[in-house]
Amino acid sequence: MNHHDVKEEICRVGKLIYDKGFVAANDGNISVKVAEDRVITTPTGVSKGMMTPEMMVTVNLDGEVIDGQLRPSSELKMHLRVYKERPDVQAVVHAHPPHATAFAIAGIPLDKAILPEAVVTLGTIPIAEYGTPGTEEIPDSVAKYVKDHNGLLLESHGALTWAKDLMSAYFLMESLEFTATISFYVKQLGAERQLSTSRVAELREIRERMGITGKTPDGLSSPDGRSIVDPKERR
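The model shown is predicted, which means the values in this text are computed figures rather than measured ones. (Residues numbered from 1 in each chain as written. Predicted model: local features only at pLDDT ≥ 70, side-chain atom pairs only at ≥ 80, totals over all residues. Heavy atoms only, no water.)

So, the nonpolar core
Thinking step 1. Residues Ile-10, Ile-17, Ile-30, Leu-110, Leu-153, Leu-166 and Leu-176 are the most contacted members of the largest nonpolar core, which totals 36 residues.
Thinking step 2. Among the secondary structure elements, those contributing two or more residues to this core are helix H1 (3–19), strand S1 (29–35), strand S5 (91–95), helix H3 (98–106), strand S8 (158–163) and helix H6 (166–189).
Thinking step 3. Setting aside residues no more than four positions away along its own chain, Leu-176 makes contact with Ala-100, Leu-110, Leu-122, Ile-125, Leu-152, Leu-153, Ala-159 and Thr-161.
Thinking step 4. In this structure, Val-57, Met-78, Val-82 and Val-92 belong to the second largest nonpolar core, which totals 20 residues. (Core = buried A, V, L, I, M, F, W, Y, C linked by side-chain atoms within 4.5 Å. Buried < 20%, exposed > 50% of the residue type's maximum accessible area, 1.4 Å probe, protein only. Helix = DSSP H or I, 4+ residues; strand = E, 2+ residues; numbered from the N terminus. Contact = heavy atoms within 4.5 Å.)

This is the structure we're talking about:
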């Protein structure tokens, strides 16, 4: 893709996350790595649902503006840290999807084997420790998890996903919010059954065949291989 096409795709994804309610007002940011030392990113102070390609900003991996009339978000620092830690990553999406953000505020990681699809596509979603927005605290907390995961929750903040291309990073964000939503509903029902370790082992094989790396939930030991409620969480 040429740079103009990348900028158009960023705008499309921005509208997707805005229309789905994953961000409000001017929240969130998106970036795509287009060369070894070049990243195209969204500008600060602009709604993700109302962006145009001309608004995009090109920076180097140190965050210095190379091209563009607007300023990048101060949260770009965590995107750049992901690129430095994971050279295979080409796109990063940051948003505040409601259910996932609620889990981030509550301090509850999405690390249980409750949905087969989530085990395969997401693996485990940890929580990066709180950092003051715009400082190096958030990139430093994110860096601890980048190599072994494909997304995370930001304590009291939102969610971050990364992948080999922008649509894949967006779909991970969508899957993360869907998993958080299902987990929230199941918790209200009081019976959060987890997949057994044997079922998770089968899903890991599928994940490996798909070339997906990173940590996955362990599941729970079950004599007959069925999904069960963690005995420690029974009411």
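Points about the environment of Val-200
Thinking step 1. Relative to the helices and strands, Val-200 resides in helix H7 (residues 197–209).
Thinking step 2. On the accessibility criterion, Val-200 (0% relative accessible area) is buried.
Thinking step 3. Look past the residues within four positions of Val-200 in its chain and what remains in contact with it is Ala-113, Val-119, Leu-195, Thr-216, Pro-217, Asp-218 and Gly-219.

A word on the sheet that holds S1
Strand pairing in a sheet relies on backbone hydrogen bonds. The paired strands run either parallel or antiparallel.
Thinking step 1. Spatially, the 8 strands line up as an open sheet ordered S4-S3-S2-S1-S5-S8-S7-S6, and their pairing is mixed. The open sheet has two edge strands, strand S4 (65–67) and strand S6 (127–128), and neither has a second partner.
Thinking step 2. Here strand S2 (residues 38–41) runs beside strand S3 (residues 57–59); their pairing, made up of 3 bridges, is antiparallel. What sits directly across from Val-39, in S3, is Val-59.
Thinking step 3. In this fold H3 packs onto S6, strand S7 (151–154) and S8, with an angle of close to 60° to the strand it touches most, S7.
Thinking step 4. On top of the sheet, H6 reaches S1, S5, S7 and S8; it is set at about 145° to S8, its chief contact. (Pairing = 2+ DSSP bridges. Axes fitted to C-alpha atoms, helices over the stretch in contact; angles between N-to-C directions.)

Observations concerning the packing of H3 against H6
Thinking step 1. At a minimum axis separation of 7 Å, H3 and H6 run at an interaxial angle of 70°. Considering their axes alone, H3 and H6 lie roughly perpendicular with respect to each other. For the pair H3 and H6, the crossing hand works out as left-handed. Contacts between H3 and H6 involve Pro-98, His-99, Ala-100 and Phe-103 on the former and, on the latter, Leu-176, Glu-177, Ala-180, Thr-181, Ser-183, Phe-184, Tyr-185 and Lys-187. (Parallel < 35°, antiparallel > 145°, perpendicular 65-115°, else oblique. Left-handed = near helix turned anticlockwise from the far one by under 90°.)

Side note on the pairing of S1
Thinking step 1. A large share of S1 lies buried, amounting to 5 of its 7 residues.
Thinking step 2. Both S1 and S5 contribute to a ladder of 4 bridges, which runs antiparallel. In the sheet register, Asn-29 faces S5, and the bridge partner there is His-94.
Thinking step 3. For S1 and S2, the ladder comprises 4 bridges, and the chain directions are antiparallel. Looking across to S2, one finds that Ala-35 is bridged to Arg-38.
Thinking step 4. Here S1 folds back onto S2, and the loop between the two strands holds 2 residues.

Quick look at the packing of H1 against H6
Thinking step 1. Relative orientation of the contacting elements H1 and H6 amounts to 10°, with a least axis distance of 10 Å. By the angle between their axes, H1 is roughly parallel relative to H6. Between H1 and H6, the contacting residues are Glu-9, Ile-10, Val-13, Leu-16 and Ile-17 on the first element and Leu-166, Met-167 and Tyr-170 on the second.

Regarding the side chain of Glu-9
Thinking step 1. In this structure, Glu-9 sits in helix H1.
Thinking step 2. Setting aside its immediate chain neighbours within four residues, Glu-9 contacts Met-1, Leu-166 and Met-167.

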